[in-house]
Every structure is written in structure tokens, then in C-alpha cells.
Amino acid sequence: MVIGDAPDIEVVGEAGTGAEAVRLAAELRPDVVVMDIRMPGMDGIEATRQITSSDRGRAASGGTRVLVLTTFDDDEYVHGALRAGASGFVVKDMALDDILTAIRVVASGDALLAPGVTRRLLAAFTEPGRPEAASSARELTGVTEREREVLALVGQGLSNQEIAERLFLSVTTVKTYVTRLLAKLPARDRVHLVILAYDTGLVTPR
């Protein structure tokens, strides 16, 4: 009801279980699914994985994205949700305006994490010796050397403007490279590009 009262957001469906969320997402093709973590039967992380996996072909051109909204600000849930393909993670004690902003940000194709989550997330994904790193190297197959350079700088947290200045390119060219990376790699947005940059060793912990 609260989300539906926003003048620029239309609620097209509501699900009470993870399985129902997967079914409705396939049927209604919403821009954003606001997903809870704990639900009867299939949990929100598995539902997110199924929604983003089935919709991966549309990801680069604006497919359905998932914003996890939960009372459980737990590292395991954060990592699981983002690994499953979520584009954002916010907690229910955030201000309503911030939650609505998160929905708009995710709908626009960007990613958003609740304050307090980002630092712990990066600490976990940059931990030396993580086993995922070696197995993820194959995910960069087909990426050009220039695209690797751009990905590495995205992984360091640089904006498109900063990357353009570093590589002596135009901002438009950098945006094109980022778009190509999103299309080539199993990444739905900039957050997942950062994760891949660390996983594949392009960026290493300082």
C-alpha cells in the first residue's frame, strides 16, 4: 500500500511466497521485484536466483531487477542475495523515502546498498584467498584488454568520469565499455561488476 501510494510507482502484483513471486515475475514482467528474505517454502534468495536467471537475457536492456527489502541485516543474507543476482539490499527500518528511492534507483538500472552494508560487503568480497576467485576467472572470456582495464577501474570504485580521465577517453566511450561488460559478463549492474573485478583478480585487496 505504501509503495503503491507513490505517484511514479505502480504495483502490478503481490506475492506471499517465493514460488509465487517467481511465477508472477515471469507473468507480469515488472521492472523491479521488492523481495523479502524469509517466506514460506522457497526463500527470497532462491526466488531471486530464479527470477534473475530466467531474465538474464533481458538484464542489459532493462529486464526485471530485484531489490531485497528485509528486517534481517545479516552478512549471510546480503552476500547470498547479491550472489543470487539482486541489484540492491535495503532494510525495513530505513526511512520510507529512502526505500522508495532505492526502488527508483534499481529500476533505472543502477544498484544500491543500505548504509552500513557496503563496507562489510566489500570487506567480505576482498578477503584474500577466497575460493571463488580462481573459479571465476573463466567469466572474463571474450573481454578485450581495454574492457579489462575499465572493469578493473570500476572495481576500484571509480566513476565513469574518473575512468575517462584515467584512460584519456570520453565519458561516452567509457559508458559504452561498461555496457559491453554488462552484456558479456554475468553481471546485472555496477555492483556485480565490482564483485567480478575482485573475483577474477583484476583488483586485489589493499
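Residues numbered from 1 in each chain as written. Predicted model: local features only at pLDDT ≥ 70, side-chain atom pairs only at ≥ 80, totals over all residues. Heavy atoms only, no water.

A. View of the pattern of salt bridges. Taken as a whole and assessed by the stated rule, the structure comprises seven salt bridges. A salt bridge links Arg104 to Asp8; the nearest nitrogen and oxygen atoms lie 2.6 Å apart. Of this pair, Arg104 sits in helix H4 (residues 96-107) while Asp8 sits in the segment before helix H1 (18-28); the two residues are 96 residues apart in sequence, bridging distant segments of the chain. (Salt bridge = Lys/Arg side-chain N within 4 Å of Asp/Glu carboxyl O. Helix = DSSP H or I, 4+ residues; strand = E, 2+ residues; numbered from the N terminus.)

B. Spatial organisation of helix H9 (residues 171-184). Helix length check: H9 (14 residues) gives 20 Å between terminal C-alpha atoms against 20 Å at 1.5 Å per residue, within 8%. Those residues of H9 that fall on the buried side of the exposure criterion are Val174, Tyr177, Val178 and Leu181. Here the buried residues of H9 occupy an arc of 100° about the axis, which is enough to place them on one side. For H9, the exposed residues set more than 90 degrees away from the buried face come down to Thr172 and Ala183. Check the buried side of H9 and you find it contacts helix H7 (145-155), helix H8 (160-167) and helix H10 (190-199). (Expected span 1.5 Å × (residues − 1). Buried < 20%, exposed > 50% of the residue type's maximum accessible area, 1.4 Å probe, protein only. Arc of directions from axis to C-beta. Contact = heavy atoms within 4.5 Å.)

C. Broad picture of the packing of H7 against H8. Between H7 and H8, whose axes approach to 10 Å, the crossing angle comes to 130°. As summarised for this structure, H7 and H8 are arranged oblique, according to the angle between their axes. Crossing geometry of H7 relative to H8 is assigned as right-handed. Contacts between H7 and H8 involve Arg146, Glu149, Val150, Leu153 and Val154 on the former and, on the latter, Ile163, Arg166 and Leu167. (Axes fitted to C-alpha atoms, helices over the stretch in contact; angles between N-to-C directions. Parallel < 35°, antiparallel > 145°, perpendicular 65-115°, else oblique. Left-handed = near helix turned anticlockwise from the far one by under 90°.)

D. A look at the UniProt feature "modified residue: 4-aspartylphosphate" (unreviewed entry) in the protein. UniProt records the feature "modified residue: 4-aspartylphosphate" (unreviewed entry) for Asp36 in the present numbering. Mapped onto the fold, Asp36 is located in the loop between strand E1 (32-35) and helix H2 (44-54). For Asp36, a relative accessible area of 22% translates into the label partly exposed. The contact partners of Asp36, leaving out residues within four places of it in the chain, are Gly44, Leu69, Thr70 and Lys92. (UniProt positions renumbered as here; feature names shortened; annotations may be inferred.)

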